[in-house]
Amino acid sequence: MPGQVVLLGRFRKNSRGGGQVRSHHKIVLSIVINLAVGQLSAYAAESHTKTGSPVNPVTVRVDPEMPLIDQLESIYSVAKTNHRQADELLERLLADSQFATRESGLRRDAYSLSTWLAIEAGNYKKALASARHRVAADPSVREDWYQLATLEYDAGNRDASAKAIAHMVRRWPEQMEEIDFGLVAQLVHQSKLQPAVRLDFLQALTQANWMQGRSQSSSLWYELTLMQLLDGNIQQARESAQHVSTPEHIVDLRSDRQFDPLIDRNAPKFDVALAARNEVDTLQRLASAAPDSLQLRNEVNDA
């Protein structure tokens, strides 16, 4: 069925834009798609331009002589119903000689749309390239870094993924609890990160008290303790060992003689039975504060 044809005029809008480890593809796809859809919806929700429907899509002619911001707004409207045309128009805009000199907000929004369209098309290589351009254009949007981290992970770039998450944790510590603990677990336990990257990743998460009081946090402190010990940083390792809190990780410390220079077996801090009681108390307190958290309820039952 032929669609309507509309030539869009000028209009303005401001838009900005451990538990059990799950399959990394499931983690990545769920995070990436949810972020991408949310960003497109946030931008497009402010548009009052007629856009048609998937059954009767609007074909939009975007005048290449219009200012770039007007072209981009028109392309966003096209993207609601015609991904292929939107992608073609967007590629033309990105290739415009003036694009690189435009304000960061416009460039960031253009690359956001490029990322979303690539994800919709299943072209994750292109999505990753666009996501990298997006944070380079405007590094101030937390969600962009999160999507970049997941796309880097899915592409097999585990070091880059860990670096992006470390940056997020340091830049936006108040929102670090939103980071998927399954993705972090994959990077810590299932990925061969470069030693310097792994050390910085562990330090960023532990210094920010990510998942404080839970087994995920204790696991990070244990891994950091081990890494510092193997690097010969005894004093740092001894300090990190003080933060290992769950009974299973304390058992790991007590059962491996290489940790003997770091711990006092007679200290209450390294008493396994006491640690088990403290863990249950902490999880119950956290679960009471967040009664809707299924994950916390499961952790209480498993403790």
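Residues numbered from 1 in each chain as written. Predicted model: local features only at pLDDT ≥ 70, side-chain atom pairs only at ≥ 80, totals over all residues. Heavy atoms only, no water.

Draft legend 1. Structural context of the overall build of the chain. Of the regular secondary structure elements, the chain holds 14 helices and 2 strands. Taken over 303 residues, the chain has a buried fraction of 47%. Surface summary for the chain: the accessible area is close to 14900 Å², and the carbon and sulfur share equals 50%. (Helix = DSSP H or I, 4+ residues; strand = E, 2+ residues; numbered from the N terminus. Buried < 20%, exposed > 50% of the residue type's maximum accessible area, 1.4 Å probe, protein only. Areas by Shrake-Rupley, 256 points an atom, 1.4 Å probe, with all protein chains shown as cover.)

Draft legend 2. Looking closely at the pattern of salt bridges. A complete count under the given rule lists 12 salt bridges for this structure. Here Lys-126 ties to Glu-91 by a salt bridge, and the two come within 3.1 Å at their closest N and O atoms. Of this pair, Lys-126 sits in helix α5 (residues 124-137) while Glu-91 sits in helix α3 (residues 83-94), and the two are 35 residues apart along the sequence. We classify Lys-126 as partly exposed; its relative accessible area is 23%. For Glu-91, a relative accessible area of 36% gives the class partly exposed. Put simply, Glu-178 and Arg-142 hold a salt bridge, and the shortest N to O gap is 3.7 Å. Of the two residues, Glu-178 is situated in the loop between α7 (158-171) and α8 (181-189) and Arg-142 in helix α6 (residues 142-154); the sequence distance between them amounts to 36 residues. Accessibility expressed as a relative area gives 5% for Arg-142, which makes it buried. Sharing partners across several salt bridges, the network here consists of Arg-108, Asp-109, Arg-134 and Asp-144. (Salt bridge = Lys/Arg side-chain N within 4 Å of Asp/Glu carboxyl O.)

Draft legend 3. Looking closely at unusual backbone geometry. Here the phi dihedral of Asn-209 falls at roughly 60°; this positive angle occurs in a residue that is not glycine. Secondary-structure assignment places Asn-209 in the loop between α9 (195-207) and α10 (215-230).

Draft legend 4. Local environment of the nonpolar core. Grouped together as the largest cluster of nonpolar side chains are 53 residues, with contacts concentrated most on Ile-165, Ile-179, Val-184, Phe-201, Trp-210 and Leu-253. Here this core gets 7 residues from one element, more than from any other, and that element is α10. For Val-184, the contacting residues outside a window of four places in its chain are Ile-179, Phe-201, Leu-205, Trp-210 and Leu-220. (Core = buried A, V, L, I, M, F, W, Y, C linked by side-chain atoms within 4.5 Å. Contact = heavy atoms within 4.5 Å.)

Draft legend 5. Molecular detail of the confidence of the model for the chain. Overall, the prediction assigns the chain a mean pLDDT of 80, with 73% of residues at 70 or greater. In the model, residues 1-27 has pLDDT below 50 throughout and makes 71 contacts with residues more than four positions away in sequence or in other chains. The low-confidence segment residues 44-56, where pLDDT is below 50, has 25 contacts with residues more than four positions distant or belonging to other chains. (pLDDT = per-residue confidence, 0-100.)

Draft legend 6. How the structure looks around the packing of aromatic side chains. Counted by the stated rule, this structure contains 2 aromatic pairs. A ring pair is formed by Phe-99 and Tyr-111, whose centres lie 5.6 Å apart and whose planes are at 80°; its orientation type is edge-to-face. Of the two residues, Phe-99 is situated in the loop between α3 and α4 (104-120) and Tyr-111 in helix α4; the sequence distance between them amounts to 12 residues. According to the relative accessible area criterion, Tyr-111 is buried, its value standing at 14%. Between Tyr-222 and Phe-259, the ring centres sit 5.6 Å apart and the planes meet at 50°, which makes this aromatic pair tilted. Here the residue Tyr-222 occupies a position in helix α10, and Phe-259 occupies one in the loop between α12 (247-255) and α13 (272-289), the gap between them amounting to 37 residues. Judged by relative accessible area, Tyr-222 falls into the buried class, the value being 14%. The ring of Tyr-153 carries the charged tip of Arg-158 above its face, separated from the ring centre by 3.8 Å. (Phe/Tyr/Trp six-rings, centres within 6.5 Å; stacked < 30°, edge-to-face > 60°. Lys NZ or Arg CZ within 6 Å of the ring centre and 35° of its normal.)

Draft legend 7. Representation of the environment of Tyr-76 in the model. Within the secondary structure, Tyr-76 sits in helix α2 (residues 68-79). Given a relative accessible area of 4%, Tyr-76 falls into the buried group.

Draft legend 8. Spotlight on the packing of α2 against α4. With their axes 11 Å apart at the nearest point, α2 and α4 run at an angle of 25° to one another. Looking at the two axes, α2 sits roughly parallel to α4. Of the two elements, α2 crosses α4, and the hand of that crossing is left-handed. Along its contact with α2, which presents Leu-68, Ile-69, Leu-72, Ile-75, Tyr-76 and Ala-79, the element α4 presents Leu-106, Asp-109, Ala-110, Ser-112, Leu-113, Trp-116 and Leu-117. (Axes fitted to C-alpha atoms, helices over the stretch in contact; angles between N-to-C directions. Parallel < 35°, antiparallel > 145°, perpendicular 65-115°, else oblique. Left-handed = near helix turned anticlockwise from the far one by under 90°.)

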